Amino acid sequence: EILQVTGVQTCALPISSIMPSIYDAIKADHDTHRDLLNAIADTNGDSDARRKKWDEFYHDVKSHAAAEEETFYSKLISETWGQDAARHSVHEHQQLDDLMEELNDMDMSSSDWLDRFNTLKHDYEHHIDEEENEVFERARKVIDEGEIEGFAKRFEARKKEERTLIDEEENEVFERARKVIDEG
(Lines give C-alpha, C1' and ligand atoms only; values in the text may rest on other atoms or scores of the structure.)
Protein backbone atom coordinates (compact mmCIF):
# COMPACT_ATOMS: atom_id res chain seq x y z
CA GLU A 1 0.00 0.00 0.00
CA ILE A 2 1.34 3.42 -0.99
CA LEU A 3 0.76 6.73 0.78
CA GLN A 4 0.76 9.81 -1.46
CA VAL A 5 2.12 12.95 0.19
CA THR A 6 1.62 16.11 -1.84
CA GLY A 7 3.30 19.43 -1.21
CA VAL A 8 5.96 21.25 -3.13
CA GLN A 9 6.91 17.83 -4.46
CA THR A 10 4.84 14.65 -4.58
CA CYS A 11 6.35 11.68 -2.85
CA ALA A 12 5.08 8.09 -2.73
CA LEU A 13 6.15 6.03 0.27
CA PRO A 14 5.20 2.52 1.26
CA ILE A 15 2.95 2.62 4.37
CA SER A 16 5.35 0.17 6.06
CA SER A 17 8.09 2.82 5.95
CA ILE A 18 5.92 5.20 8.02
CA MET A 19 4.31 2.82 10.53
CA PRO A 20 6.61 1.30 13.13
CA SER A 21 7.18 -2.43 13.08
CA ILE A 22 6.29 -4.61 16.05
CA TYR A 23 10.01 -4.71 16.80
CA ASP A 24 10.19 -0.89 16.86
CA ALA A 25 7.09 -0.64 19.06
CA ILE A 26 8.41 -3.15 21.59
CA LYS A 27 11.88 -1.57 21.57
CA ALA A 28 10.38 1.89 22.17
CA ASP A 29 8.60 0.54 25.26
CA HIS A 30 11.80 -1.10 26.44
CA ASP A 31 13.66 2.20 26.10
CA THR A 32 10.96 3.90 28.20
CA HIS A 33 11.21 1.13 30.78
CA ARG A 34 15.00 1.46 30.97
CA ASP A 35 14.63 5.20 31.58
CA LEU A 36 12.02 4.63 34.28
CA LEU A 37 14.15 2.00 36.02
CA ASN A 38 17.07 4.41 36.09
CA ALA A 39 14.85 7.23 37.34
CA ILE A 40 13.51 5.00 40.14
CA ALA A 41 17.04 3.95 41.05
CA ASP A 42 17.94 7.65 41.40
CA THR A 43 15.18 8.26 43.97
CA ASN A 44 15.37 7.86 47.73
CA GLY A 45 12.97 6.47 50.30
CA ASP A 46 9.21 6.56 50.05
CA SER A 47 9.21 9.81 48.07
CA ASP A 48 6.58 11.18 45.71
CA ALA A 49 9.10 10.92 42.87
CA ARG A 50 9.72 7.21 43.56
CA ARG A 51 5.99 6.47 43.87
CA LYS A 52 5.19 8.31 40.64
CA LYS A 53 7.94 6.63 38.60
CA TRP A 54 7.18 3.21 40.10
CA ASP A 55 3.48 3.56 39.31
CA GLU A 56 4.27 4.57 35.72
CA PHE A 57 6.73 1.67 35.32
CA TYR A 58 4.42 -0.89 36.94
CA HIS A 59 1.39 -0.03 34.82
CA ASP A 60 3.29 0.28 31.57
CA VAL A 61 5.15 -3.01 32.02
CA LYS A 62 1.96 -4.87 32.97
CA SER A 63 0.10 -3.66 29.88
CA HIS A 64 3.20 -4.09 27.68
CA ALA A 65 3.69 -7.72 28.72
CA ALA A 66 0.05 -8.66 28.18
CA ALA A 67 -0.02 -7.01 24.74
CA GLU A 68 3.30 -8.56 23.79
CA GLU A 69 2.13 -12.04 24.75
CA GLU A 70 -1.17 -11.73 22.91
CA THR A 71 0.25 -10.30 19.69
CA PHE A 72 3.96 -10.97 19.18
CA TYR A 73 4.47 -14.10 21.26
CA SER A 74 1.23 -15.77 20.18
CA LYS A 75 2.52 -15.56 16.60
CA LEU A 76 6.04 -16.65 17.52
CA ILE A 77 4.82 -19.65 19.52
CA SER A 78 2.79 -20.84 16.54
CA GLU A 79 6.02 -21.31 14.59
CA THR A 80 7.99 -24.44 15.52
CA TRP A 81 11.36 -22.69 15.60
CA GLY A 82 10.01 -19.87 17.74
CA GLN A 83 8.32 -21.91 20.47
CA ASP A 84 11.26 -22.21 22.87
CA ALA A 85 12.10 -18.51 22.71
CA ALA A 86 8.46 -17.51 23.21
CA ARG A 87 7.91 -19.89 26.12
CA HIS A 88 11.11 -18.72 27.81
CA SER A 89 10.13 -15.06 27.50
CA VAL A 90 6.57 -15.63 28.71
CA HIS A 91 7.99 -17.51 31.73
CA GLU A 92 10.26 -14.55 32.47
CA HIS A 93 7.24 -12.24 32.24
CA GLN A 94 5.59 -14.23 35.02
CA GLN A 95 8.70 -14.12 37.21
CA LEU A 96 9.01 -10.35 36.71
CA ASP A 97 5.31 -9.87 37.42
CA ASP A 98 5.66 -11.80 40.69
CA LEU A 99 8.60 -9.61 41.68
CA MET A 100 6.67 -6.41 40.84
CA GLU A 101 3.72 -7.57 42.96
CA GLU A 102 6.10 -8.31 45.82
CA LEU A 103 7.53 -4.79 45.53
CA ASN A 104 4.01 -3.31 45.56
CA ASP A 105 3.44 -4.90 48.97
CA MET A 106 6.69 -3.63 50.49
CA ASP A 107 7.63 -0.39 52.23
CA MET A 108 9.42 1.71 49.58
CA SER A 109 11.64 3.30 52.20
CA SER A 110 13.08 -0.03 53.37
CA SER A 111 16.45 -1.40 52.32
CA ASP A 112 14.63 -4.65 51.46
CA TRP A 113 12.53 -2.78 48.88
CA LEU A 114 15.67 -1.34 47.31
CA ASP A 115 17.35 -4.77 47.25
CA ARG A 116 14.32 -6.35 45.54
CA PHE A 117 14.04 -3.40 43.15
CA ASN A 118 17.69 -3.83 42.16
CA THR A 119 16.98 -7.52 41.49
CA LEU A 120 13.99 -6.55 39.34
CA LYS A 121 16.04 -3.93 37.49
CA HIS A 122 18.81 -6.43 36.73
CA ASP A 123 16.40 -9.21 35.71
CA TYR A 124 14.21 -6.92 33.58
CA GLU A 125 17.18 -5.37 31.78
CA HIS A 126 18.51 -8.87 31.08
CA HIS A 127 15.07 -9.92 29.78
CA ILE A 128 14.67 -6.98 27.41
CA ASP A 129 18.26 -7.24 26.13
CA GLU A 130 17.69 -10.92 25.43
CA GLU A 131 14.37 -10.17 23.76
CA GLU A 132 15.76 -7.42 21.52
CA ASN A 133 18.76 -9.49 20.46
CA GLU A 134 17.99 -13.21 20.52
CA VAL A 135 14.19 -13.31 20.34
CA PHE A 136 13.82 -10.63 17.67
CA GLU A 137 16.52 -12.34 15.60
CA ARG A 138 14.72 -15.69 15.88
CA ALA A 139 11.36 -14.07 15.08
CA ARG A 140 12.72 -12.41 11.96
CA LYS A 141 13.89 -15.85 10.76
CA VAL A 142 10.63 -17.70 11.38
CA ILE A 143 7.96 -15.06 10.73
CA ASP A 144 7.69 -13.57 7.27
CA GLU A 145 7.71 -9.74 7.27
CA GLY A 146 4.45 -9.68 5.32
CA GLU A 147 2.83 -11.92 7.93
CA ILE A 148 3.82 -9.67 10.81
CA GLU A 149 2.65 -6.45 9.15
CA GLY A 150 0.07 -4.71 11.30
CA PHE A 151 1.27 -6.34 14.53
CA ALA A 152 2.56 -3.02 15.90
CA LYS A 153 -0.88 -1.47 15.55
CA ARG A 154 -2.51 -4.49 17.24
CA PHE A 155 0.17 -4.41 19.95
CA GLU A 156 -0.50 -0.74 20.73
CA ALA A 157 -4.29 -1.25 20.71
CA ARG A 158 -4.03 -4.28 22.99
CA LYS A 159 -1.68 -2.43 25.33
CA LYS A 160 -4.19 0.41 25.64
CA GLU A 161 -7.02 -2.08 26.37
CA GLU A 162 -4.92 -3.82 29.00
CA ARG A 163 -4.07 -0.51 30.68
CA THR A 164 -7.79 0.26 30.92
CA LEU A 165 -8.44 -3.16 32.50
CA ILE A 166 -5.63 -2.65 35.03
CA ASP A 167 -6.95 0.80 35.96
CA GLU A 168 -10.52 -0.54 36.34
CA GLU A 169 -9.30 -3.38 38.57
CA GLU A 170 -7.37 -0.97 40.78
CA ASN A 171 -10.40 1.31 41.08
CA GLU A 172 -12.56 -1.64 42.16
CA VAL A 173 -10.03 -2.63 44.83
CA PHE A 174 -9.87 0.98 46.04
CA GLU A 175 -13.67 1.22 46.22
CA ARG A 176 -13.92 -2.06 48.19
CA ALA A 177 -11.27 -0.84 50.62
CA ARG A 178 -13.05 2.47 51.04
CA LYS A 179 -16.34 0.66 51.78
CA VAL A 180 -14.66 -1.45 54.46
CA ILE A 181 -13.18 1.67 56.05
CA ASP A 182 -16.52 3.53 55.88
CA GLU A 183 -18.38 0.58 57.40
CA GLY A 184 -15.79 -0.02 60.11
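Residues numbered from 1 in each chain as written. Predicted model: local features only at pLDDT ≥ 70, side-chain atom pairs only at ≥ 80, totals over all residues. Heavy atoms only, no water.

1. Details of the overall build of the chain
- Looking only at helices and strands, the chain features six helices and two strands.
- The helix and strand sequence of the chain, counted from the amino end, reads β-β-α-α-α-α-α-α.
- Pairs at least 24 apart in sequence give 73% of the contacts found in the chain among residues at least 6 apart. (Helix = DSSP H or I, 4+ residues; strand = E, 2+ residues; numbered from the N terminus. Contact = heavy atoms within 4.5 Å.)

2. Things to note about a negative patch on the surface
- Taken together, Asp55, Glu56, Glu168, Glu169, Glu170 and Glu172 make up a surface patch of like negative charges.
- For the negative patch, the secondary structure elements donating two or more residues are α2 (48–77) and α6 (151–183).
- With four residues, the top contributor of residues to the negative patch is α6.
- Checked against the element boundaries, aspartate 55 lands in helix α2.
- For aspartate 55, a relative accessible area of 38% translates into the label partly exposed. (Patch = residues over 30% accessible without salt bridge, like charges linked within 9 Å, V, L, I, M, F, W, Y side chains within 5 Å. Areas by Shrake-Rupley, 256 points an atom, 1.4 Å probe, with all protein chains shown as cover. Salt bridge = Lys/Arg side-chain N within 4 Å of Asp/Glu carboxyl O. Lys, Arg positive; Asp, Glu negative; His and termini not counted. Charge placed at Lys NZ, Arg CZ, Asp CG, Glu CD. Buried < 20%, exposed > 50% of the residue type's maximum accessible area, 1.4 Å probe, protein only.)

3. With respect to α2
- The terminal C-alpha atoms of α2 lie 40 Å apart, and with 30 residues this matches the ideal 44 Å at 1.5 Å per residue to within 8%.
- Taking the largest bend as the criterion, α2 deviates by roughly 40°, centred on glutamate 69. (Expected span 1.5 Å × (residues − 1). Bend = angle between axes of the 7 residues up to and from the residue.)

4. Points about the environment of phenylalanine 72
- The topology assignment puts phenylalanine 72 in helix α2.
- For the pair phenylalanine 72 and alanine 86, spaced 14 residues apart in sequence, the C-alpha to C-alpha distance is 8.9 Å.
- Excluding its chain neighbours within four sequence positions, the residues that come into contact with phenylalanine 72 are Ile22, Tyr23, Ile26, Ala67, Val135, Phe136, Ala139, Ile148 and Phe151.

5. Focus: the pattern of salt bridges
- Throughout the structure, instances matching the rule amount to 15 salt bridges.
- Arginine 158 serves as the salt-bridge partner of glutamate 70, at 2.6 Å between the closest nitrogen and oxygen. Here the residue glutamate 70 occupies a position in helix α2, and arginine 158 occupies one in helix α6, the gap between them amounting to 88 residues.
- Judged by relative accessible area, glutamate 70 falls into the partly exposed class, the value being 45%.
- A relative accessible area of 15% places arginine 158 in the buried class.
- The shortest N-O distance in the salt bridge between arginine 158 and glutamate 162 comes to 2.8 Å. In this pair, arginine 158 and glutamate 162 both sit in helix α6, four residues apart, roughly one turn of the helix. Side by side, arginine 158 and glutamate 162 carry an identical accessibility label, which is buried.
- One network of salt bridges, in which partners are shared, links Lys27, Asp31, Arg34, Asp129 and Glu132.

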